[in-house]
Amino acid sequence: MILDFKLQGVPSNYRRELDINNAIAKTSFAVNGVNYTREYFSSAIDDAIVVVLTADKRNSISLELKMQREADFEVANVGKNRLKMWGQASQKGKHLGVKYETQMMAMPKGGDIKIREWYYFYQ
């Protein structure tokens, strides 16, 4: 999963936190007077990794969400807010390994998702 943010400016007040009790990793920083927060957690029971992106000013988050690897993958849109990547790992096209599938779902609160071939643009 690639999160390509469209931030203009130099980040400041960069901070990383790890909450062991709640299994949440958090990064916060400011760019051009906007405070951004990124929170990450995973759930083995739900078989999910969750990323929550917030900003303290409306219309401040703009990014491309992509799924890709170096080789052995296909990506497709599944509905209006989900991408699916699947394939079978190999070593230079030989020695076939594990088959895999993963999905990514965007759930914006406000803003728009635009589908562009095999990635999402959120603004």
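Quick note: structure is the one above.
Reading the values: the criteria
Per chain, the residues get numbers from 1 upward, laid out in the order the sequence is written. Reporting in this predicted model follows two pLDDT cut-offs: at least 70 for local features of residues, and 80 or more for side-chain atom pairs to be given and counted; totals over whole chains, interfaces and linings ignore these cut-offs and use all residues. Working from all heavy atoms in the structure, the side-chain values ignore hydrogens and water. Only runs of H or I of at least four residues qualify as helices and only runs of E of at least two qualify as strands under DSSP, and these elements are numbered from the N terminus. Relative accessibility under 20% of the residue-type maximum defines a buried residue, over 50% an exposed one, and the middle range a partly exposed one, all with a 1.4 Å probe and only protein chains included. Contact between two residues is taken to exist if any of their heavy atoms lie within 4.5 Å; hydrogens are not considered. Surface accessibility follows the Shrake-Rupley procedure with a 1.4 Å probe radius. Residue values consider only the protein chains on display as shielding. When charges are counted, Lys and Arg are positive and Asp and Glu negative, with His and the chain ends excluded. Where a charge lies is defined by one atom per residue type: Lys uses NZ, Arg uses CZ, Asp uses CG and Glu uses CD. Salt bridge, as used here: a side-chain nitrogen of Lys or Arg that lies within 4 Å of a carboxyl oxygen of Asp or Glu. Pairing of aromatic rings covers Phe, Tyr and Trp, the last counted by its six-membered ring, and requires centre-to-centre distances within 6.5 Å; plane angles under 30 degrees mean stacked, over 60 mean edge-to-face, and any other angle means tilted. Charge-over-ring placement is defined geometrically: NZ (Lys) or CZ (Arg) within 6 Å of the ring centre, and within 35 degrees of the ring normal. By this definition, two strands are paired if DSSP reports at least two bridges between them. The convention used is that axes are lines fitted to C-alpha atoms, helices contributing only their stretch in contact, and that angles between N-to-C directions extend from 0 to 180 degrees.

*Asks:* Tell me about the overall build of the protein, residues and numbers included.
*Replies:* Helices and strands together make up the secondary structure of the protein, namely 0 helices and 11 strands. Across its three principal directions, the C-alpha atoms of the protein cover 50 × 35 × 25 Å. Looking at the 123 residues of the protein, the share that counts as buried comes to 23%. The long-range share in the protein, meaning contacts at least 24 apart out of those at least 6 apart in sequence, stands at 33%. Here the protein has roughly 9100 Å² of accessible surface; of this, 48% comes from carbon and sulfur atoms. Here the protein carries 18 positive and 14 negative side-chain charges, and the mean point of each set is 3 Å from the other.

*Asks:* Before we move on, could you go through the pattern of salt bridges and cite the residues and values that matter?
*Replies:* Here the idea is simple: oppositely charged side chains can pair when their charged atoms come close. Evaluated as defined, the whole model comprises 4 salt bridges. Close ionic contact of Arg 15 with Glu 17 constitutes a salt bridge, the shortest N to O distance being 3.2 Å. Note that Glu 64 is salt-bridged to Lys 66, the shortest N-O span being 3.5 Å. Residues Glu 64 and Lys 66 agree in their burial class; the two are buried. Among the ionic contacts, a cluster of salt bridges with common partners joins Asp 4, Lys 6, Glu 64 and Lys 66.

*Asks:* Account for the packing of aromatic side chains, naming residues and giving values.
*Replies:* Scanning all chains against the criterion turns up 1 aromatic pair. Taken together, a centroid distance of 5.4 Å and an interplanar angle of 20° make the contact between Phe 29 and Tyr 36 stacked. Here Phe 29 and Tyr 36 have matching classes, each one buried. Here the basic side chain of Arg 38 rests over the ring of Phe 5, its NZ or CZ set 3.9 Å away from the ring centre. Above the ring of Trp 86, the side-chain terminus of Lys 84 is found at 4.9 Å from the ring centroid.

*Asks:* Got a sec to walk through the sheet that holds strand β2 (residues 12–19)? Specific residues and values, please.
*Replies:* Spatially, the 4 strands line up as an open sheet ordered β2-β3-β4-β5, and their pairing is antiparallel. Each edge of the sheet is formed by a strand with only one pairing partner; in this case those strands are β2 and β5 (48–55). With strand direction ignored, the average angle separating the axes of adjacent strands in the sheet is 10°. Pairing geometry for strand β3 (residues 24–31) and strand β4 (residues 34–43), over 8 bridges, is antiparallel. Pairing of Val 31 across the sheet is with Val 34, part of β4.

*Asks:* Explain the pairing of strand β7 (residues 74–77) to me, and be specific about the residues and the numbers.
*Replies:* Across 4 bridges, the pairing between β7 and strand β8 (residues 82–88) is antiparallel. Opposite Glu 74, over in β8, you have Trp 86 as the bridge partner.

*Asks:* Lay out the pairing of β8 with the relevant residues and their values.
*Replies:* Residue alternation in β8 divides its side chains into a buried set, Leu 83, Met 85 and Gly 87, and an unburied set, Arg 82, Lys 84, Trp 86 and Gln 88. Here β7 folds back onto β8, and the loop between the two strands holds 4 residues, one of which, Gly 79, carries a positive phi near 80°. Both β8 and strand β9 (residues 99–105) contribute to a ladder of 7 bridges, which runs antiparallel. Counted as the bridge partner of Trp 86 is Glu 101 from β9.

*Asks:* So, unusual backbone geometry: which residues are in play, and what are the values?
*Replies:* Look at Asn 32: it is not a glycine, yet its phi comes out positive at around 50°. Position of Asn 32 among the secondary structure elements: in the loop between β3 and β4. Of the residues examined, Asn 32 reaches a relative accessible area of 61% and is grouped as exposed.

Everything listed is a geometric property; what it means functionally is a separate question.
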